[in-house]
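# An overview of the molecular structure
Now for the letters of each chain:
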Amino acid sequence: MRYRAGRLRPLISDPRRALFAAAMAAVAVLLATACSSDPPAYASTVIDPPAPVPDLSLIDHDGQPFTLDDLRGEVVVVYVGYTHCPDVCPTTLLSLANARRALPADVQDDIRVVMVTADPDRDTPEILKRYVGYFDPAFIGVTGSHDEVLDALGGWGIAPVCGMPDENGNYAVSHPAVSFVLDREGRMRLRASHDLTQDIEVFANDLELVWREGN
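Residues numbered from 1 in each chain as written. Predicted model: local features only at pLDDT ≥ 70, side-chain atom pairs only at ≥ 80, totals over all residues. Heavy atoms only, no water.

### Examining the pattern of salt bridges
Basically, it comes down to this: Whenever Lys or Arg places a side-chain nitrogen within 4 Å of a carboxyl oxygen from Asp or Glu, that contact is recorded as a salt bridge. Numbering of helices and strands runs from the N terminus; a helix is a DSSP stretch of H or I covering at least four residues, while a strand is a stretch of E covering at least two. Each residue is placed in one exposure class: buried if its accessible area under a 1.4 Å probe, protein chains only, is under 20% of its type's maximum, exposed if it is over 50%, and partly exposed if it falls in between.
Scanning all chains against the criterion turns up ten salt bridges. For R100, the salt bridge identified is with D136, shortest N-O distance 3.1 Å. Pair noted here: R100 is in helix α2 (residues 88-101) and D136 is in the loop between α4 (125-135) and β6 (140-143), with a separation of 36 residues, a long-range link. Among the residues examined, R100 registers a relative accessible area of 11% and is labelled buried. Under the relative-accessibility criterion, D136 is labelled buried at 5%. When salt bridges with common partners are traced through the structure, they connect D183, E185 and R187 into a single cluster.

Here you go:
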């Protein structure tokens, strides 16, 4: 076969074959994308397999006995802090409240936030109730005697330390800037840093993923 100078014969001369080839190429791209997509991933630190945790047998902000077993069947976020905390505690609790509100109503109903005080000498049930209620009425404040709280938190490997009081008697308390997420069976599932909880959409997604594990 002879070709005119300056003109090349197309590789596929039949328009129908060209359309078919283009369609098959598009299908190949879609299949490759579908096969390479990963399932949704957690942004928080994942505890896998989920780990059992010691119970927290204390009292809630209404002065009633409290245990984590009472919340079985719900996804529970445990945060250790104190009401006199100037920065990390209020910003964390506000973020937890906003993350919970960002979830669908049926998911919200099964998400519980528990703040365990690291400062039982000052955080009475009445003070805790007023404090956590400011962020979300569904939050639970938990306290107890000085020794009871230290013993309970010690089981979690947490040892709050009080700083030296100033001239007004105020002092700071060291505590972890971490939120612990328990699954419906009361096992440790996630650990979320303070910075991560500030990303409302990301942390809300993590909570919903834990919630869906039990559905």
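### A word on the sheet that holds strand β3 (residues 65-66)
Neighbouring strands of a sheet are bound in pairs by backbone hydrogen bonds; such pairs are parallel or else antiparallel. Stated precisely, the cut-off is as follows: Between any two strands, pairing holds if DSSP finds at least two bridges.
The mixed open sheet is built from eight strands, whose spatial order is β1-β10-β9-β4-β5-β6-β2-β3. With one partner strand each, in any of the chains shown, β1 (45-52) and β3 form the two edges of the open sheet. Relative to β6, strand β5 (residues 111-117) runs parallel, the two sharing three bridges. Looking at β6, one finds that V116 is bridged to V142.

### Examining the confidence of the model for the protein
Applied cut-off: pLDDT measures how confident the predictor is about each residue, on a scale from 0 to 100. Whether two residues touch is decided by their heavy atoms; if any such pair falls within 4.5 Å, the residues are in contact.
For the protein, mean pLDDT is 86; residues scoring 70 or higher make up 81% of the total. Counting contacts from residues 1-13, a segment whose pLDDT is below 50, to residues more than four positions away or on other chains yields five contacts. Of the regions scoring below 50 in pLDDT, residues 15-37 engages in three contacts with residues more than four places distant in sequence or in other chains.

### Description of the environment of G186
In this structure, G186 sits in the loop between β9 (178-182) and β10 (187-193). Along the primary structure G186 and R72 are separated by 114 residues, whereas in three dimensions their C-alpha atoms are 6.0 Å apart. With residues near it in sequence (within four places) discarded, G186 still touches V53 and R72.

### Structural notes on the environment of E148
Worth spelling out the cut-off: Polar contact criterion, stated in full: a pair of N or O atoms within 3.5 Å, where within protein one must be able to donate a hydrogen and the other to accept it, and residues adjacent in sequence count only if both atoms are side-chain atoms.
With respect to the helices and strands, the residue E148 is situated in helix α5 (residues 146-154). Between the C-alpha atoms of E148 and S57, which are 91 residues apart in sequence, the distance is 8.4 Å. Engagement of the side chain of E148 in a polar contact is seen with the backbone nitrogen of S145, the distance being 2.9 Å.

### A closer look at the packing of α2 against helix α7 (residues 200-213)
Cut-off, in case you're wondering: Between N-to-C directions, angles cover 0 to 180 degrees, with each direction set by a line fitted to C-alpha atoms, over the stretch in contact for helices. Here a crossing is taken to be left-handed if its near helix is turned anticlockwise relative to the far helix by less than a right angle, and right-handed if that turn runs clockwise. Note on residue categories: nonpolar means Ala, Val, Leu, Ile, Met, Phe, Trp, Tyr, Cys or Pro, charged means Asp, Glu, Lys or Arg, and polar means any other residue, Gly included.
Where α2 contacts α7, the axes come no closer than 8 Å and their chain directions differ by 65 degrees. Pair α2 / α7 crosses with right-handed handedness. In contact with S95, L96, N98 and A99 of α2, α7 contributes I200, F203, A204 and L207. Looking at the contact of α2 with α7, its residues break down into six nonpolar, two polar and no charged.

### A word on the packing of aromatic side chains
Using the following cut-off: Any Phe, Tyr or Trp ring, taking Trp's six-membered ring, that has another such ring centre within 6.5 Å forms a pair; planes under 30 degrees apart are called stacked, those over 60 apart edge-to-face, and the others tilted. Over a ring means this: the NZ of a Lys or the CZ of an Arg is within 6 Å of the ring centre and within 35 degrees of the ring normal.
In this structure the tally under the stated criterion is three aromatic pairs. Ring geometry for Y131 and F135: centres 5.3 Å apart, planes at 75 degrees, overall edge-to-face. Linking Y131 with F135, this pair stays in helix α4, spanning four residues, or about one helical turn. Each member of the pair, Y131 as well as F135, carries the same accessibility label: buried. Aromatic pair W156 and F180: ring centres 5.7 Å apart, planes at 75 degrees, arrangement edge-to-face. One end of the pair, W156, is in the loop between α5 and β7 (161-162); the other, F180, is in strand β9, and 24 residues separate them in sequence. Pair check on accessibility: W156 and F180 agree, each one buried. What links up through ring pairs into an aromatic cluster is the set Y131, Y134 and F135. In this structure, R122 is placed above the aromatic ring of Y171, and the distance from its NZ or CZ to the ring centre is 3.6 Å.

### Details of α7
Selection rule: A helix's residues, less one, multiplied by 1.5 Å, set its expected span.
Counted at 1.5 Å a residue, the expected span for α7 with its 14 residues is 20 Å, and the 20 Å between its end C-alpha atoms agrees. Regarding α7, the residues found buried are F203, A204, D206, L207, E208, L209, V210 and W211.

### Regarding the nonpolar core
What counts, and what does not: The term nonpolar core refers to a set of buried residues drawn from Ala, Val, Leu, Ile, Met, Phe, Trp, Tyr and Cys, joined through side-chain atoms within 4.5 Å.
Grouped together as the largest cluster of nonpolar side chains are 55 residues, with contacts concentrated most on L56, V78, V116 and W156. Once residues lying within four places of it in the same chain are set aside, the contact partners of V116 are L56, L58, V78, Y79, V80, G81, V142 and L153.

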